[in-house]
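Take a look at the letters that make up each chain.
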Amino acid sequence: MAAKNTGKKSIAGNIMWILVTGVILAIYIATHAMCFGKPKDVNEMLLEGDSPEEGDYVSINVDGVFDWYAETEYKINGFIPAGTKKYCIVWVDDTTIMSLTVKGNKNYEKIDDIINGTWNYLEGYQMFLPSPVKFEGTVSTINSEIDSYYTQALVSMGATTANGYKALHLTIDTTTTKNTAITYIIIIGALFVGGIVFLIKDIKHNKKLSAMPIAPSQSMPMSASNDLVFGNMTQVNDIAQNTSSMTDDNNTLYR
């Protein structure tokens, strides 16, 4: 009986696991459309008179960066701390400016090189902007706290509407790439499938337990028990009679 109850608990636990991982998988896929399409080229969009919108998965060739303007904690999927990420101001074309979010020392070094090259170009130390570096990411709005730093940095540089600049209050978040998103989907999907596999195994195991015959009771049948009891009583009576007979014999011997 205990084995059956344990089996039912295991099945219930697996069903709960499948539901939770299934919901997480569905939400993650829905919020990471980058896995199912080609990124839009921001540079081409601007040339055609379009602008990136929140949620777009885009690519951008960065050859001009003015400076870093913020750094915050990076969290995987929004809740697992994993270092920091930094925000920089990208000079997309002659008049358009937007934010770029990156993480990792290699990316920081790339951006630092572009910043140095950008200012060398602006100050006349070199004739061309640095070689472009391609980044891919998802367009998102800048949260209010970060946006205040962004606005302050733009004003301090003179990159304002009054000076002919169009600053998009959007950032291209490169911290979750297409390959990273696909990896997470595979991991969550494997956990989901694993739950299904264990559920099937538990159901089969539970069916086997249900089909097993119940072991006969080890207690003695009533008839056998009665025979033993009454048989013992008969033996006791015989012993009593024999004892009585011996007493009579002894009495006769000593008369």
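Computed from a predicted structure; not experimentally measured.

Caption draft 1: Molecular detail of the overall build of the protein chain. Regarding its fold elements, the protein chain presents six helices and seven strands. The helix and strand sequence of the protein chain, counted from the amino end, reads α-β-α-β-β-β-β-α-β-α-β-α-α. For the protein chain, the proportion of contacts with a sequence separation of at least 24, taken over those separated by at least 6, is 68%. Carbon and sulfur atoms form 59% of the exposed surface of the protein chain, whose accessible area is close to 16600 Å².

Caption draft 2: Expanded view of the pairing of strand 5 (residues 96-102). For strand 5, a buried count of seven out of seven residues is recorded, marking the element as mostly surrounded by other parts of the structure. Across the two faces of strand 5 the burial is the same, with T96, M98, L100 and V102 and I97, S99 and T101 all buried. Here strand 5 pairs with strand 7 (residues 166-173) via five bridges, running parallel. Bridge assignment links T96 to a residue of strand 7, and that residue is K166.

Caption draft 3: Structural context of the side chain of D56. Inspection of the secondary structure assignment puts D56 in the loop between helix 2 (42-47) and strand 2 (57-62). At 2.9 Å, the side chain of D56 forms a polar contact with the backbone nitrogen of E53.

Caption draft 4: Here's a closer look at a negative patch on the surface. Together, E44, E48, D50 and E53 make up a region of like negative charge exposed at the surface. Along the chain, D50 falls in the loop between helix 2 and strand 2.

Caption draft 5: Spatial organisation of the pattern of salt bridges. Taken as a whole and judged by the stated rule, the model has one salt bridge. Between D56 and K40 there is a salt bridge, with its nearest N and O atoms 3.4 Å apart. Taken together, the positions of D56 in the loop between helix 2 and strand 2 and K40 in strand 1 (residues 40-41) put the pair 16 residues apart, joining distant regions of the chain. Taking the relative accessible area as the measure of exposure, K40 reaches 41% and is therefore partly exposed.

Caption draft 6: Structural detail: the environment of E136. For E136, the position within the fold is in strand 6 (residues 133-141). Among residues more than four places away in sequence, those in contact with E136 are P39, Y57, V58, S59, D173 and T174. Side-chain polar atoms of E136 contact the side chain of Y57, separated by 2.6 Å.

Caption draft 7: Layout of helix 3 (residues 105-122). Over its 18 residues, helix 3 extends 26 Å from the first C-alpha to the last, a length consistent with the 26 Å expected when each residue adds 1.5 Å. For helix 3, every residue scored as buried is listed here: Y108, I111, I114, I115, G117 and T118. Note on helix 3: the residue one or two positions beyond its end, G124, has a positive phi of about 85°.

Caption draft 8: How the structure looks around the packing of aromatic side chains. Taken as a whole, this structure holds five aromatic pairs when the rule is applied. Judged by centre distance (5.2 Å) and plane angle (45°), the rings of Y69 and Y150 are tilted. Placement of the pair is Y69 in strand 3 (residues 65-76) and Y150 in helix 4 (residues 144-157), with a sequence separation of 81 residues. Residues Y69 and Y150 agree in their burial class; the two are buried.

Caption draft 9: Seen up close, the pairing of strand 6. Two strands pair when backbone bridges link them, and strand 2 and strand 6 are joined in this way by six bridges, in the antiparallel orientation. Across the sheet, S59 pairs through a bridge with E136, a residue of strand 6. Judged from the four bridges that link them, strand 6 and strand 7 form a sheet pairing that is antiparallel. The partner of T138 across the bridge, within strand 7, is D173.

Calculation notes
One numbering rule holds for all chains: residues counted from 1, following each sequence as written. Totals for whole chains, interfaces and linings use all residues, but because this is a predicted model, local features are given only for residues with pLDDT of at least 70 and pairs of side-chain atoms are given and counted only at 80 or more. Hydrogens and waters are ignored; side-chain quantities use all the structure's heavy atoms. Strands are runs of DSSP state E lasting at least two residues, helices are runs of H or I lasting at least four, and both sets are numbered from the N terminus onward. Contacts are assigned to residue pairs that have any heavy atoms within 4.5 Å of one another. The accessible surface values rely on the Shrake-Rupley method and a 1.4 Å probe; as for residues, cover is taken only from the protein chains in view. Only protein chains enter the accessibility calculation, which uses a 1.4 Å probe; a residue is then buried when its area is under 20% of its type maximum, exposed when over 50%, and partly exposed in between. In this scheme, strands are said to pair when DSSP sees at least two bridges between them. Counting of polar contacts relies on pairs of N or O atoms within 3.5 Å, with two restrictions inside protein: one atom must be capable of donating a hydrogen and the other of accepting it, and residues adjacent in sequence are counted only when both atoms are side-chain atoms. Each patch groups residues whose relative accessible area exceeds 30% and which form no salt bridge, using 9 Å between like charges and 5 Å between nonpolar side chains of Val, Leu, Ile, Met, Phe, Trp and Tyr. Salt bridges are identified by distance alone: a Lys or Arg side-chain nitrogen within 4 Å of an Asp or Glu carboxyl oxygen. Charge counting treats Lys and Arg as positive and Asp and Glu as negative, with His and both chain ends excluded. Here the site of a charge means NZ on Lys, CZ on Arg, CG on Asp, or CD on Glu. One less than the number of residues in a helix, times 1.5 Å, gives the span that helix is expected to have. Working definition: a ring pair exists when centres of Phe, Tyr or Trp rings (six-membered ring for Trp) sit within 6.5 Å. Plane angles under 30 degrees give stacked, over 60 give edge-to-face, the rest tilted.

These values are about where atoms sit, not about what they do.
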